[in-house]
Amino acid sequence: MRQLSFLIVTIFAVQNIAGGQVVQKMIDDVRNKPIYSFYSQHATNLNDIKIKSPIIEEINLRTETDQNNLARQEYALRTFFNAWGLTKVYQQQKDLLLQKLEIEKEEQMQKDLFMVYHDAVRMYFLEKKDNLLSDQNSFNQRKLDHLIRIIGSGADINAKEVLRLEEDIYKSTSARALIGESLKSLLIKYGISGVVSNVFSLEEIVTKVNSVVIEQSNTLEYKKSILENEENTLDFSLERKDARRFLDYAQLRYSRRDNLLFQDEFSLGLGLRLPYKGSLAVEKTSFMIKKMDIDYKSNVELLEKIAKLAELKRKFNSTIEEVTYFQKAQDKVFATLNSSHPEVAEEISYFKEDLKLNTDLKLISLEEEAWLLYLEILLKAEQITPNVENILGAI
């Protein structure tokens, strides 16, 4: 007996491990998508860029002949300067681009993982529906054989009942064929040979859904708004550094006169910027307006996200209420039939089995709907992770 118990536990453990490995393979395939290699390569290219901001911006040589005195020739060598500290600002801009790229990668990964879990759940419930339809088909066939047998013994049976059973057998057979095609398509899509065999119970995902909240500081939209504000600040910082640049240029001028000996002239000139910052005031106003706009959009997006999450939770809880209703209704009918109608046991047996199969099919569809809503809730709250155990419960 102990050996048999150990064997049963071992079989269930192997099935669970296999289910987890199936989803893990699906996740690994997602991670190997070309787009993630593109993200990595783009990040490498950005990191390889060398930031250069030399002190000297431009050097030019000018020459001029006095139109009234052709013997006089002037030469001017002028050097223009950049603002100080530009290298640091450009490096910060590069770092911002890398952070934005990482957020884009995370957003894409969330969407891809959601689709993996969505398809894994679909395959799980398609297989369960297929098993129930198989049971229903067998039941309908047995019931049809029973009706044909009692008709042969002279029982008065409505022909419509026989036709309805034959129609039900056809419908369930067609439904199983469609399920088979859907499963085959998904298995080929991910290159797998099996589906998840175990997932969280409804009670467990109800608990998980109730604990899901959105914290603004953890949302990707908020992180993007932070980066937008930093980018806006860096743009303004570049304008401010340029506006505060005191030394504009340095100039060496040489004047030569052919008709006068020893009268060559040298002069050194500096171009100084006066401390008037009218253009900077305009840029500061633009900076403040953009910052307010970024903050406003971030708060609106958060409110919309919270509202959408609340709506998804409402739909989820409504679906769970339907599941509970059907379960209780079925139990109530069974209790009534068992206690009140012992004289028609065979008919009641067929009725109960038919009721149970149809109710189970309805419950499976509702459970699938609840599961898909649960995944949407996790996606909306940005809590989709590659950790299979935390999402599906498949170990």
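Placed above this text is the structure.
Residues numbered from 1 in each chain as written. Predicted model: local features only at pLDDT ≥ 70, side-chain atom pairs only at ≥ 80, totals over all residues. Heavy atoms only, no water.

A.B. asks: Looking at this model, I keep getting lost on helix α4 (residues 159-190). Mind explaining?
C.D. replies: Compared with the 46 Å implied by 1.5 Å per residue over 32 residues, the 47 Å span of α4 between its first and last C-alpha is a close match. Residues of α4 that are buried: Val162, Leu165, Ile169, Ser172, Ile179, Leu183, Leu186 and Tyr190. Immediately downstream of α4, the backbone of glycine 191 shows phi near 65°, a positive value. (Helix = DSSP H or I, 4+ residues; strand = E, 2+ residues; numbered from the N terminus. Expected span 1.5 Å × (residues − 1). Buried < 20%, exposed > 50% of the residue type's maximum accessible area, 1.4 Å probe, protein only.)

A.B. asks: What is the right way to read the nonpolar core from this model?
C.D. replies: Ranked by internal contacts, the top residues of the largest apolar core, which has 64 residues, are Val23, Tyr117, Phe316, Trp371, Tyr374 and Leu392. Those elements that place two or more of their residues in this core are α1 (2-31), α2 (34-48), α3 (86-152), α4, α5 (202-211), α7 (278-340), α8 (345-380) and α9 (388-391). The dominant element in this core, judged by the number of residues it contributes, is α3, at 16 residues. Not counting the four nearest positions on each side in its chain, tryptophan 371 is found in contact with Val121, Phe125, Val199, Phe200, Leu202, Ile205, Ile391 and Leu392. (Core = buried A, V, L, I, M, F, W, Y, C linked by side-chain atoms within 4.5 Å. Contact = heavy atoms within 4.5 Å.)

A.B. asks: Where do I start with a nonpolar patch on the surface in this structure?
C.D. replies: There is a patch of nonpolar side chains on the surface, built from Ile55, Ile56, Ile59, Leu61, Tyr75, Leu77, Trp84, Leu252, Phe266 and Leu268 and spanning about 1,100 Å² of accessible area. Mapped by element, the contributors of at least two residues to the nonpolar patch are β1 (56-66), β2 (69-81) and β4 (265-272). If one sorts the elements of the nonpolar patch by residue count, β1 sits on top with three residues. Its relative accessible area of 66% is what places tryptophan 84 among the exposed residues. (Patch = residues over 30% accessible without salt bridge, like charges linked within 9 Å, V, L, I, M, F, W, Y side chains within 5 Å. Areas by Shrake-Rupley, 256 points an atom, 1.4 Å probe, with all protein chains shown as cover. Salt bridge = Lys/Arg side-chain N within 4 Å of Asp/Glu carboxyl O.)

A.B. asks: Explain the pattern of salt bridges here, please?
C.D. replies: Two side chains with opposite charge may pair up if their charged atoms get near one another. All chains considered together, the criterion is met by 17 salt bridges. In this structure, lysine 171 and glutamate 167 form a salt bridge, with 3.4 Å as the shortest nitrogen-oxygen distance. Of this pair, lysine 171 and glutamate 167 both sit in helix α4, four residues apart, which is roughly one turn of the helix. Accessibility expressed as a relative area gives 41% for glutamate 167, which makes it partly exposed. Here the residues in one salt-bridge network are Glu221, Lys305 and Glu382, joined through shared partners.

A.B. asks: When you look at unusual backbone geometry in this model, what are you seeing that I'm missing?
C.D. replies: Where the residue is not glycine, phi is negative for most of them; where a peptide bond is considered, it is trans in most cases. Even without being glycine, glutamate 382 reaches a positive phi, approximately 60°. Counting through the fold element by element, glutamate 382 comes out in the loop between α8 and α9.

A.B. asks: In this structure, what is going on with the environment of leucine 163? I would like to understand it.
C.D. replies: By the secondary structure assignment, leucine 163 is in helix α4. With a relative accessible area of 52%, leucine 163 lands in the exposed category.

A.B. asks: Which parts of the structure should I look at to understand α2?
C.D. replies: Every α-helix carries 3.6 residues per turn, so stepping three or four residues along brings you back to the same face. Here α2 spans 21 Å end to end across 15 residues, near enough to the 21 Å set by a 1.5 Å rise per residue. Along α2, the residues that are buried comprise Tyr36, Tyr39, Ala43 and Leu46. Projected down its long axis, α2 shows its buried positions confined to an angular sector of 80°, all on one face. Facing away from the buried side of α2 by more than 90 degrees, the exposed set consists of Pro34, Phe38 and Asp48. (Arc of directions from axis to C-beta.)

A.B. asks: Hey, could you run me through the side chain of arginine 78 in this one?
C.D. replies: The topology assignment puts arginine 78 in strand β2. Of the buried charged residues, arginine 78 lacks a salt bridge, with aspartate 248 as the closest side chain of opposite charge at 7.2 Å. A distance of 2.5 Å separates a polar atom in the side chain of arginine 78 from a polar atom in the side chain of glutamine 251. Apart from residues lying up to four places away in sequence, arginine 78 is in contact with Glu58, Ile59, Asn60, Arg62, Tyr249, Ala250 and Gln251. (Lys, Arg positive; Asp, Glu negative; His and termini not counted. Polar contact = N/O pair within 3.5 Å; in protein donor to acceptor, adjacent residues only side chain to side chain.)

A.B. asks: Teacher, can you tell me more about the packing of aromatic side chains here?
C.D. replies: Within a pair of aromatic rings, the relevant descriptors are the distance that separates the centres and the angle that separates the planes. Tallying each qualifying case throughout the model produces seven aromatic pairs. When the centroid spacing of 5.1 Å and the interplanar angle of 15° are considered together, the rings of phenylalanine 236 and phenylalanine 287 count as stacked. Placement of phenylalanine 236 in helix α6 (residues 220-243) and of phenylalanine 287 in helix α7 is noted, with a sequence separation of 51 residues between them. With 5.2 Å between their ring centres and 90° between their planes, tryptophan 371 and tyrosine 374 make a pair best called edge-to-face. With a gap of three residues between them, tryptophan 371 and tyrosine 374 both fall in helix α8, about one helical turn apart. An identical accessibility class is assigned to tryptophan 371 and tyrosine 374; each is buried. The rings of Tyr36, Phe38 and Tyr39 are connected pair by pair, giving a single aromatic cluster. (Phe/Tyr/Trp six-rings, centres within 6.5 Å; stacked < 30°, edge-to-face > 60°.)

A.B. asks: Just checking my understanding: could you explain the side chain of glutamine 136 for this structure?
C.D. replies: Examined against the element boundaries, glutamine 136 turns out to sit in helix α3. Here the side chain of glutamine 136 touches asparagine 358 through a polar contact of 3.1 Å, side chain to side chain.

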